[in-house]
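Tertiary structure, described
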Amino acid sequence: MQLYLPIADIPVNVFLILAMGAAVGFVSGMFGIGGGFLMTPLLIFVGIAPAVAVASVASHIAASSFSGAISYWRRRSIDPILALVLLTGGTVGTALGVWTFTLLRSLGQLDLLIATSYVILLTTVGGLMFWEGLRALLRARRGGAATIRRPGSHGWIHGLPLKMRFKRSKIYLSVIPVVVIGLIIGFIGAVMGIGGGFILVPLMIYVLRVPTSTVVGTSMVLTLVTMIFATLLHAVTNHLVDAVLALILMIGGVTGAQFGARAGQKIRGEHLRLLLGLLVLAVGIRFAVELVIRPADLFTIRETGGGV
Amino acid sequence: MSARASLIVASLVLGAALAVSPACAERLIVSVSNHRVTVTPNYSGEELVLFGSVEKDAQTPAGRNNYDLVVTVSGPRADMVTRRKERKFGIWINTDSRQFLKVPTYLALFSNRPFDAIASPEVQRRQQLGLNNVLLTQRVGPDFADVVPNDPFRSAFVRLRTQHGLYREEQSAVTFLTPTLFRTGIPLPGEVPIGTYDVEIKLFADGALVTRTETAFEIVKVGFEQFIANAAHNNGLAYGLVTAFMALMTGWMASIVFRKD
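Let us look at the structure shown here.

Looking at the overall build of chain A
Within chain A one finds 10 helices and five strands. The buried share of chain A, taken over its 308 residues, is 51%. Expressed as a percentage of contacts within chain A between residues at least 6 apart in sequence, the contacts between residues at least 24 apart total 80%.

Have a look at this one:
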């Protein structure tokens, strides 16, 4: 069934977009990530202008993460205090990121910077997660403790002042690293145009030692708030949010996210980390290959406005 | 049959007002099948038909019947950048780029036979017959100019637009129903830009331009499509709030629908 999108200005197949939304929604519900780094390239591949894709994906991620967040909330696997502290840092980070983005664009070569930071970030994070998941899995197989929470081995992070008790996560932690991580995620999200869930989840697991049970739900809350703001910002500044495209993506996305969230609860923590690591690594390698391999067409066209 | 005849008559009457060449021996009378293409949710492109007739008068040289016709359809104009990737430090990055200024976003050239058979290369260039001869202004340093047809940036630009069906050249698309009555189809793929399209019709005889005329049609969004586009452009904040609210509602609905207690 063909439908003409009012902002993207092209006809698309509704079922194809629904399926894409559902697939990415499943992944995002399962791992507690936004899935923007998967959805945006898919939409561009279908023929939607990159700017419209980025702007519309933000609202799709908001819907997916809200539906996911509700089901995690019911299972009491969201730590509201932790989410709030992360958001404080996140807001400052986003503002800094937008400022940096404008500065970099005026210097030129922004595209290259985004592409290379994608590759570095995705392959590093993905590789580390994959490696850690593999080790945890092997440890569990040998009969050792599969948990990565080693009560005796607190690092320097746990020696910082301004400690606070995060009841739901059962951790006693300084506010400083939490705010700093929120800041980093907000900054990266604004510069690279992604939610940052796939970086936030490992940071929370490995640096903050937040138990896997509350990591996914809490990261979803952060993604939800960031993406709502991103939708508003895109709508006000660029007028490029395609509500029709967003609605189709959302319907597919929330359905997929429900099943994903359920599947995520069934899978063991280390398996989940291994899978997410593998996924992030795969996308990172795909971007790397694109940079290294000779492209099929050396030329690209981009409309730069001007009008009639 | 009578419907067809009345359509042609209507086209003739409409076209008569648009024809511009009083001094010449021949006059062109043309019309497109639809002057206002409306974009609705189920729009996925359209094919228009251009009808026309060559009107002769007393000054027309006797026995002149072998006419050639070239139709140029150009869509709304925009600035575009063509970039070329090059290998630097082991990775492929955009290095060189050229800016094309106010070039048509859609461009179609139709004729009844190959351009080489219609006119000499000199006339082809002057009359901009064919994608190789159409003026595509580039910013070359401080100057604005078109370049040779085999310039890598220009040919890449034309090739990429052609791949998307937005630039096309068909040298047998115009059919003469009688020696003076002609028609051609104007295919508009779903992704053609919204806006005003100019149609220029040039009549050639014995390798020289005899007369020319112009007409136009527009592609506009109506109803729902127009409402959404206007809302997004004029009330950005309200539109964004509604979209954000829609996202929350969809997420909430899903969690209710799929609730399993």
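Here the narrative resumes, following the displayed structure.
Brief notes about the sheet that holds strand β5 (residues 299-303) of chain A
Read from one edge to the other, the open sheet built from five strands follows the order β5(A)-β5(B)-β6(B)-β8(B)-β9(B), with strand pairing classed as antiparallel. Sheet topology places β5 of chain A together with β9 (143-145) of chain B at the edges, where each strand pairs with a single neighbour. Across this sheet, the average inter-strand angle for adjacent strands is 35°, counted without regard to direction. Of the pairings in the sheet, the one linking strand β5 (residues 77-88) of chain B to strand β6 (residues 91-104) of chain B comprises 11 bridges and is antiparallel in character. Its bridge partner lying in β6 of chain B, Ala78 of chain B is registered against Val103 of chain B. The sheet contacts of helix α4 (residues 152-163) of chain B involve β5 of chain A together with β5 and β6 of chain B, and relative to β5 of chain A the element is tilted by about 70°.

Regarding the nonpolar core
If you look at the biggest cluster of nonpolar residues, it comprises 138 residues, and the most contacted ones within it are Ala62 and Val201 of chain A together with Val71 of chain B. Counting residues in hydrophobic clusters, the runner-up holds six residues, among them Met80, Val103, Leu136 and Phe157 of chain B.

Section: the environment of Leu249 of chain A
All names here are of chain A. One can find Leu249 in helix α9 (residues 243-266). Since 30 C-beta atoms lie within 10 Å of it, Leu249 is described here as buried. Here the alpha-carbon distance between Leu249 and Val119, two residues 130 residues apart in the chain, equals 26 Å. Ignoring anything within four residues of it in the chain, the contact list for Leu249 reads Ile17, Gly21, Ser56 and His60.

A few points about the environment of Asn133 of chain B
Residues and elements named next belong to chain B. By secondary structure assignment, the location of Asn133 is in the loop between α3 (121-126) and β8 (138-140). It is 24 Å that separates the C-alpha atoms of Asn133 and Phe182, two residues lying 49 residues apart in sequence. Contacts of Asn133, omitting those with residues within four sequence positions, involve Gln124, Arg125 and Gln128.

Some points on the pairing of strand β14 (residues 208-221) of chain B
All names here are of chain B. Relative to β14, strand β2 (residues 36-39) runs parallel, the two sharing four bridges. When the bridges of β14 are listed, Arg36 appears paired with Glu218. Two successive antiparallel strands, strand β13 (residues 195-205) and β14, enclose a turn made up of two residues, where Asp206 displays a positive phi of approximately 50°.

Comments concerning the interface of chain B and chain A
Facing 51 residues of chain B, the contacting portion of chain A comprises 50 residues. For the side of chain B that touches chain A, the leading source of residues is helix α6 (residues 236-257) of chain B, giving 15 residues. Taken together, the residues that form the side of chain B that touches chain A break down as 28 nonpolar, 14 polar and nine charged. With five bridges connecting them, β5 of chain A and β5 of chain B associate as antiparallel partners. Of the residues in β5 of chain B, the one forming a bridge with Arg302 of chain A is Val81 of chain B.

Notes on the packing of helix α1 (residues 14-31) of chain A against α9 of chain A
Residues and elements named next belong to chain A. One can describe the packing of α1 onto α9 by two numbers: an axis separation of 5 Å at closest approach and a directional angle of 35°. Handedness of the crossing formed by α1 with α9: right-handed. Across the contact of α1 with α9, the residue classes tally to 22 nonpolar, 11 polar and no charged.

Conventions we followed
- Residues numbered from 1 in each chain as written.
- Chains lettered and ligands numbered in written order.
- Predicted model: local features only at pLDDT ≥ 70, side-chain atom pairs only at ≥ 80, totals over all residues.
- Helix = DSSP H or I, 4+ residues; strand = E, 2+ residues; numbered from the N terminus.
- Buried ≥ 20, exposed ≤ 12 C-beta atoms within 10 Å, placed from the backbone.
- Contact = placed C-beta atoms within 7 Å.
- Pairing = 2+ DSSP bridges.
- Axes fitted to C-alpha atoms, helices over the stretch in contact; angles between N-to-C directions.
- Core = buried A, V, L, I, M, F, W, Y, C linked by C-beta atoms within 7 Å.
- Nonpolar A, V, L, I, M, F, W, Y, C, P; charged D, E, K, R; others polar.
- Left-handed = near helix turned anticlockwise from the far one by under 90°.

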